[in-house]
Amino acid sequence: MDALTLLLNRRSASRLTTPAPAGEALQNILTAGMRAPDHGALRPWHFIVMQDEGLIKFSQLLEQAAIVGEMGPEVEEKARHAPFRAPLIITVIAKIVDHPKVPDWEQLVAAGCTVQAMQMAALAQGFGGIWRSGSWTEDPIVKAGLGCAENEKIVGFLYLGTPALKVPSKVQQPDMSDFVSYF
Ligand SMILES: Cc1cc2nc3c(=O)[nH]c(=O)nc-3n(C[C@H](O)[C@H](O)[C@H](O)COP(=O)(O)O)c2cc1C
C-alpha cells in the first residue's frame, strides 16, 4: 500500500488476534517510531514491548492497580482481561527533560507522534492496531510498575496484531471548511 492511500484510508482495529508483528516487521515498527519528528533530537520517549509473558505481567499489574485503588470486582476483571485484546502491546512513555529550547509540550507531542508512526508502520505491513489510553495512564501503581517516573507520562498503549474482524470502512470525510482555513 502506498503511503498516501494508507494515510487517507487508515482505520483502527479494536479486535486483534495473532499473528502479531514479529522479527523484521516488529523492528520496522519500532524504527518508524524512532523516526518521529523530534526537536533537538532528544528522543523523549521509551517503548515497552509486551507480548506473551509480558502481557501476563501487564495484566497482573493492572489488576493490582484496580485492587489497591479499591475499584471493585468489575474493574478488576476488566483490568485482568484488557491486555489480552491484542497479541502485542507497545507502551509509549514520554520522557520529558528540562531543555532551554524544547518545551515540555513539544516533547510530549513528539512522543505522541511515535505512536502514530508505529501504528502506520504496522498497517503498512498488513497488520492492524489501535491507540488506547484510559485512566491507567495516570495510575501511580501502573506507572511505577512500568518504570514510568512521576514527571514522565504514558502517552499510549498501542495494541497491535491482525484484525479479528473486518476493519471498519472509510470514515465519511467531514466538511473540511470547518477545520481548514487559508491565510
Ligand atoms: C491519545 C489517544 C488515546 C486514545 N485512547 C483510546 C482508548 O483508550 N480507547 C479507545 O477505544 N480509543 C482510544 N483512542 C482512539 C482510537 O485510537 C481510534 O483513533 C478511534 O477509535 C477512531 O478510530 P479510527 O482511528 O479508525 O478513526 C485514542 C486516541 C488517541 C489519539
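What you are looking at is a predicted structure, and each value in this text was computed from that prediction instead of being measured. (Residues numbered from 1 in each chain as written. Predicted model: local features only at pLDDT ≥ 70, side-chain atom pairs only at ≥ 80, totals over all residues. Heavy atoms only, no water.)

**Considerations on the pattern of salt bridges**
- Evaluated as defined, the whole model comprises four salt bridges.
- Between Lys95 and Glu152 there is a salt bridge, with its nearest N and O atoms 3.2 Å apart. Placement of the pair is Lys95 in the loop between strand 3 (88–94) and helix 5 (104–124) and Glu152 in the loop between helix 6 (140–145) and strand 5 (153–163), with a sequence separation of 57 residues.
- Note that Lys153 is salt-bridged to Glu138, the shortest N-O span being 2.5 Å. One end of the pair, Lys153, is in strand 5; the other, Glu138, is in the loop between strand 4 (128–132) and helix 6, and 15 residues separate them in sequence. (Salt bridge = Lys/Arg side-chain N within 4 Å of Asp/Glu carboxyl O. Helix = DSSP H or I, 4+ residues; strand = E, 2+ residues; numbered from the N terminus.)

**Concerning the environment of Gly54**
- Note on placement: Gly54 falls in helix 3 (residues 53–68).
- Sequence separation between Gly54 and Gly128 is 74 residues; the distance between their C-alpha atoms is 20 Å.

**Notes on the site of the ligand**
- Taken together, Arg10, Arg11, Ser12, Ile130, Trp131, Arg132, Ser133 and Gly134 form the complete shell of residues around the ligand.
- Contact distances for the ligand include 2.8 Å between an oxygen atom and a side-chain N or O atom of Arg10.
- Contact with the protein chains covers 55% of the free accessible surface of the ligand, which is 620 Å².
- Along the lines of polarity and charge, the residues of the shell around the ligand split into two nonpolar, three polar and three charged. (Near = heavy atom within 4 Å. Polar contact = N/O pair within 3.5 Å; in protein donor to acceptor, adjacent residues only side chain to side chain. Areas by Shrake-Rupley, 256 points an atom, 1.4 Å probe, with all protein chains shown as cover. Nonpolar A, V, L, I, M, F, W, Y, C, P; charged D, E, K, R; others polar.)

**Quick notes on unusual backbone geometry**
- A cis geometry characterises the amide bond from Thr18 onward to Pro19, with omega recorded as -5°.
- As for its position among the elements, Pro19 is in the loop between strand 1 (16–17) and helix 2 (23–34).
- One non-glycine residue, Ala41, lies in positive phi territory at about 50°.
- Residue placement: Ala41 occurs in the loop between helix 2 and strand 2 (45–50).
- The phi dihedral of Glu70 is positive, around 50°, even though this residue is not glycine.
- Looking at where Glu70 falls in the secondary structure, it is placed in the loop between helix 3 and helix 4 (73–81).

**A word on the UniProt feature "binding site: FMN" (unreviewed entry) in the protein**
- As annotated by UniProt and renumbered to match this structure, "binding site: FMN" (unreviewed entry) occupies Arg10, Arg11, Ser12, Arg35, His39, Trp131, Arg132 and Ser133. The greatest C-alpha distance among the annotated residues, which extend across 124 residues, is 28.1 Å, indicating that they are dispersed rather than converging on a single site.
- With respect to the helices and strands, Trp131 occurs in strand 4.
- The residues touching Trp131, leaving out its near neighbours within four places in the chain, are Gly112, Val115, Gln116, Gln119, Val155, Gly156, Phe157 and Leu158.
- For Trp131, the side chain forms a polar contact with the main-chain oxygen of Val155, separated by 3.0 Å.
- With respect to the secondary-structure elements, Ser133 resides in the loop between strand 4 and helix 6. (UniProt positions renumbered as here; feature names shortened; annotations may be inferred. Contact = heavy atoms within 4.5 Å.)

**Describing the packing of helix 2 against helix 5**
- Between helix 2 and helix 5, the least distance of the axes is 7 Å, while the angle of their chain directions is 150°. Comparing their axes, helix 5 and helix 2 come out roughly antiparallel. Taken as a pair, helix 2 and helix 5 cross one another with a handedness that is right-handed. Counting all contacts with helix 2, which are made through Asn28, Ile29, Leu30, Ala32 and Gly33, the residues of helix 5 involved are Thr114, Ala117, Met118, Ala121 and Ala122. (Axes fitted to C-alpha atoms, helices over the stretch in contact; angles between N-to-C directions. Parallel < 35°, antiparallel > 145°, perpendicular 65-115°, else oblique. Left-handed = near helix turned anticlockwise from the far one by under 90°.)

**Details of the environment of Ile130**
- Here Ile130 is to be found in strand 4.
- Sequence spacing of Ile130 and Pro163 is 33 residues, and the spatial spacing of their C-alpha atoms is 10 Å.
- Residue contacts for Ile130: discarding those within four places in its chain leaves Ser12, Ala13, Ser14, Leu16, Gln119, Phe157, Leu158 and Tyr159.

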